[in-house]
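Each chain, letter by letter, is given below.
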Amino acid sequence: MQSFVNIDGSINEILFQTHMMIHASNIYLHRPRSILAASGLIHQITCAPNAATWHSESILYHTKKTVDAADEICQMISAPPSLFSRTPFFVCAVALQAIVHLSAYGIAGWSQKRPLMQQQIQMSIGALKKLSEIWEMASIVLSQIKCVARAVLDPPRNVRSPDDRRDTTSAHHSLEEAGIAETLSANFEDLVQGNDESWFNDFLAQN
């Protein structure tokens, strides 16, 4: 696929939008068939709807394609000249990227990737904050993403937010059917318990 960065370092906006739509479409296509959809993370995010779980024998392949697409969107955040030149559609792309990385952050087998995902989550929240200066929708999405992030990274032990419920039983059953239940903790609350997520609280205090 042709790069959206010209030889002189400038951005071809048409190609930028094309890349963005392709990566967002890949998330919409692959996420319902991935581990991430079976994680039980339920949220209310504008322009990033919950993904119903589709049974697939290639669930690991779909998971990789989903995360790869989110990684590509995250890299696009830092593209010149600035976020102020982005269209409101980019808000939705960043929202999709954030949900993918927040879902992936809780997967037990990917604990070694958490430092990178931490940076990606910070980047998406920072980008939405910047975009909220010109697009009202970004402000709404930013608030929603923060709520989901708090629930994932610092979940209450006995109380669940109505906007971020986890049906861990059905998620575990879905993964058992796929034959890979061992790759995902059946309880996200226990998964993050004991981990030092103070970085997130410190980051939110500044954003």
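Residues numbered from 1 in each chain as written. Predicted model: local features only at pLDDT ≥ 70, side-chain atom pairs only at ≥ 80, totals over all residues. Heavy atoms only, no water.

A. Local environment of the pattern of salt bridges. One pass over the full model with this rule turns up two salt bridges. In this structure, the salt-bridge partner of R86 is E13, at a minimum N-O distance of 2.9 Å. With a gap of 73 residues between them, R86 in the loop between α2 (59-77) and α3 (89-105) and E13 in helix α1 (residues 13-30) connect regions that are remote in the sequence. Judged by its relative accessible area of 30%, E13 is partly exposed. D68 is the partner of K64 in a salt bridge, and the nearest nitrogen-oxygen pair spans 2.7 Å. Of this pair, K64 and D68 both sit in helix α2, four residues apart, roughly one helical turn. Classification of D68 as partly exposed rests on a relative accessible area of 30%. (Salt bridge = Lys/Arg side-chain N within 4 Å of Asp/Glu carboxyl O. Helix = DSSP H or I, 4+ residues; strand = E, 2+ residues; numbered from the N terminus. Buried < 20%, exposed > 50% of the residue type's maximum accessible area, 1.4 Å probe, protein only.)

B. Helix α4 (residues 114-131), seen in detail. Here α4 spans 25 Å end to end across 18 residues, near enough to the 26 Å set by a 1.5 Å rise per residue. Of all the residues in α4, the buried ones are R114, M117, Q120, I121, S124, I125, A127, L128 and L131. Taken around the axis of α4, the buried residues stretch over an arc of 160°, which confines them to a single face. (Expected span 1.5 Å × (residues − 1). Arc of directions from axis to C-beta.)

C. Layout of the nonpolar core. Ranked by size, the top nonpolar core spans 48 residues in total, and within it I45, F90 and I145 carry the most contacts. Listed by contribution, the elements that provide at least two residues to this core are α1, α2, α3, α4 and α5 (136-153). Top element by residues in this core is α3. It accounts for twelve residues. Residue contacts for I145: discarding those within four places in its chain leaves I45, A95, A98, I99, L102, I125 and L128. (Core = buried A, V, L, I, M, F, W, Y, C linked by side-chain atoms within 4.5 Å. Contact = heavy atoms within 4.5 Å.)

D. Focus on a nonpolar patch on the surface. Side chains of F84, I134 and W135 sit close together on the surface and give an oily, nonpolar patch of about 260 Å² of accessible area. Residue position: I134 is located in the loop between α4 and α5. Take I134: its relative accessible area is 37%, and that puts it in the partly exposed class. (Patch = residues over 30% accessible without salt bridge, like charges linked within 9 Å, V, L, I, M, F, W, Y side chains within 5 Å. Areas by Shrake-Rupley, 256 points an atom, 1.4 Å probe, with all protein chains shown as cover.)

Any link to function would need more than the numbers given here.
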